Amino acid sequence: MANIQIIEIKAKQVSEIAEKLKRAQSVVIFDYRGLTVEEVTALRADMRKANVEYIVIKNSMVERAAREAGIDEAIVEMLKGPSAFAFGYEDPVAPAKLLKDAIKKFKKCEIKGGLINGAVSNASAIDTLADLPSREVLLARMLGSMMSPIASFVRVINAIRESKEAPAAEAAAE
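Report on the accompanying structure. Per-chain numbering applies: the sequence of each chain, read as written, is numbered from 1 onward. Residue-level local features of this predicted model are given only where pLDDT is at least 70; pairs of side-chain atoms are given and counted only at 80 or more, and the full residue set underlies all totals for whole chains, interfaces and linings. Based on all heavy atoms of the structure, the side-chain values leave hydrogens and waters out of the count.

Some details on the pattern of salt bridges
Whenever a carboxyl oxygen of Asp or Glu lies within 4 Å of a side-chain nitrogen of Lys or Arg, that contact is scored as a salt bridge. Tallied over the entire structure, the rule returns 8 salt bridges. Here the salt bridges do not stand alone but share partners, grouping E63, R67 and E73 into one network.

So, the packing of aromatic side chains
Think of it this way: a Phe, Tyr or Trp ring, Trp meaning its six-membered ring, pairs with another when their centres are within 6.5 Å, and the plane angle makes it stacked under 30 degrees, edge-to-face over 60, tilted otherwise. Enumeration over the complete set of coordinates arrives at 2 aromatic pairs. Relative to Y89, the ring of F87 lies with its centre 6.1 Å away and its plane at 10 degrees, an arrangement referred to as stacked. Lysine and arginine charges are scored as sitting over a ring when NZ or CZ, respectively, is within 6 Å of the ring centre and within 35 degrees of the ring normal. Positioned above the aromatic ring of Y89 is the side chain of R23, whose terminal nitrogen or guanidinium carbon lies 4.1 Å from the ring centre.

Digging into the side chain of K112
Counting through the fold element by element, K112 comes out in strand 4 (residues 110-116). Per-residue accessibility, obtained with a 1.4 Å probe over protein chains only, is compared with the maximum for each type, and a residue is labelled buried under 20%, exposed over 50%, and partly exposed between these values. We count Lys and Arg on the positive side and Asp and Glu on the negative side, and we leave His and both chain ends out. Despite being buried, K112 has no salt bridge partner; D31 is the closest side chain of opposite charge, sitting 5.1 Å away. Within the structure, K112 has its side chain in polar contact with the backbone oxygen of K80 (distance 2.4 Å). Whether two residues touch is decided by their heavy atoms; if any such pair falls within 4.5 Å, the residues are in contact. Apart from residues lying up to four places away in sequence, K112 is in contact with I29, F30, D31, M78, K80, G81, P82, S83, N122 and A123. Only DSSP runs of H or I covering at least 4 residues are called helices, and only runs of E covering at least 2 are called strands; the numbering of each starts at the N terminus. Here a polar contact is taken to be a pair of N or O atoms separated by no more than 3.5 Å, where protein atoms must pair a possible hydrogen donor with a possible acceptor and residues adjacent in sequence count only if both atoms sit in side chains.

Focus: the sheet that holds strand 3 (residues 84-88)
Sheet strands pair via backbone hydrogen bonds, and the direction of the pair is either parallel or antiparallel. Judged by pairing direction, the sheet is antiparallel, and its 5 strands sit side by side in the order 2-3-1-4-5 without closing on themselves. Edge strands, defined here as strands with exactly one partner in the open sheet, are strand 2 (52-56) and strand 5 (119-122). For this sheet, the mean angle separating the axes of adjacent strands, direction not counted, is 20 degrees. We call two strands paired when DSSP finds no fewer than two bridges between them. Bridge count for strand 2 against strand 3 is 5 bridges, and the pairing is antiparallel. Note that in strand 3 the partner of E53 across the bridge is F87. Axes here refer to lines fitted to C-alpha atoms; in helices the fit is confined to the stretch in contact. Angles between the N-to-C directions go from 0 to 180 degrees. Each of strand 1 (26-31), strand 2, strand 3 and strand 4 touches helix 4 (residues 94-106); the most contacted strand, strand 1, lies at about 25 degrees to it.

With respect to the pairing of strand 1
Counting buried positions along strand 1 gives 6 out of 6 residues, so the element sits mostly inside the fold. The two faces of strand 1 match: S26, V28 and F30 on one face and V27, I29 and D31 on the other face are all buried. By the bridge criterion, 5 bridges tie strand 1 to strand 3 in an arrangement that is antiparallel. By the bridge assignment for strand 3, F30 is matched with A84. Sheet topology note: the strand 1/strand 4 ladder contains 6 bridges and is antiparallel. By the bridge assignment, V27 is partnered in strand 4 with L115.

Examining helix 3 (residues 59-69)
Along helix 3, the residues classified as buried are N59, M61, V62, A65, A66 and A69. All buried residues of helix 3 fall inside an arc of 155 degrees around its axis, so they share one side. Phi turns positive, to about 75 degrees, at G70, one or two residues after helix 3. To be clear, the arc concerns the directions from the helix axis to the C-beta atoms.

With respect to the packing of helix 4 against helix 5 (residues 123-131)
The angle between the axes and the distance between the axes are what describe a pair of packed helices. Two numbers describe how helix 4 lies on helix 5: the axes approach to 8 Å, and their chain directions differ by 95 degrees. In this view, helix 4 runs roughly perpendicular relative to helix 5, as classed from their interaxial angle. Counted together, A96, K97 and K100 of helix 4 and I126, D127, L129, A130 and D131 of helix 5 form the full contact between these two elements. Polar here means any residue outside two lists: the nonpolar Ala, Val, Leu, Ile, Met, Phe, Trp, Tyr, Cys and Pro, and the charged Asp, Glu, Lys and Arg; Gly therefore counts as polar. Residues that form the contact of helix 4 with helix 5 fall into these classes: 4 nonpolar, no polar and 4 charged. With respect to orientation, any angle under 35 degrees is reported as roughly parallel, any angle over 145 as roughly antiparallel, any angle of 65 to 115 as roughly perpendicular, and every other angle as oblique.

Details of helix 2 (residues 37-49)
Between the first and last C-alpha of helix 2 there are 18 Å, a value that for 13 residues agrees with the 18 Å anticipated at 1.5 Å per step. For helix 2, every residue scored as buried is listed here: E39, V40, L43 and M47. Taken down its axis, helix 2 places every buried residue within 95 degrees of arc, on the same side. Helix 2 presents V37, E38, R48 and K49 as exposed residues on the side facing more than 90 degrees away from its buried surface. Positive phi shows up at N51, right after helix 2, with a value of about 60 degrees. By this rule the span expected of a helix is its residue count minus one, scaled by 1.5 Å.

Dropping the structure here:
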């Protein structure tokens, strides 16, 4: 009886992990060895502020969940040794950026790889993702580039209006 309950509990956990893998815009897998309790606590706090879920799960559970979610088998190679997982549901750049900053700050741990929109990505791809500006910065840049031609157009219209008003004002003054 107890074995059946344990199997059911583990099956439920695997399904929950599979759902997280499907739902996340990005997942970063990293080796957390060497981090102290204080460093992990600080990292977890930073991740909470950025709406990133940080969890440590058994590699075998993630492997089963990845198969259930239909994720490429290449992820299994990343599941060697101690692994922690950072799930980015809202901002795909946030987990990679936070972990890259933590690695620079603590000079410990390393990124193994992860998932970007469901596709398995190696450590260098995750590192490249970390270098991207946040979604808000990209949107602001795009909006700025869209507004620039409009602002130039308004200046041209104002210059034309002023050039036409100047002779009319001179004629009225005479």
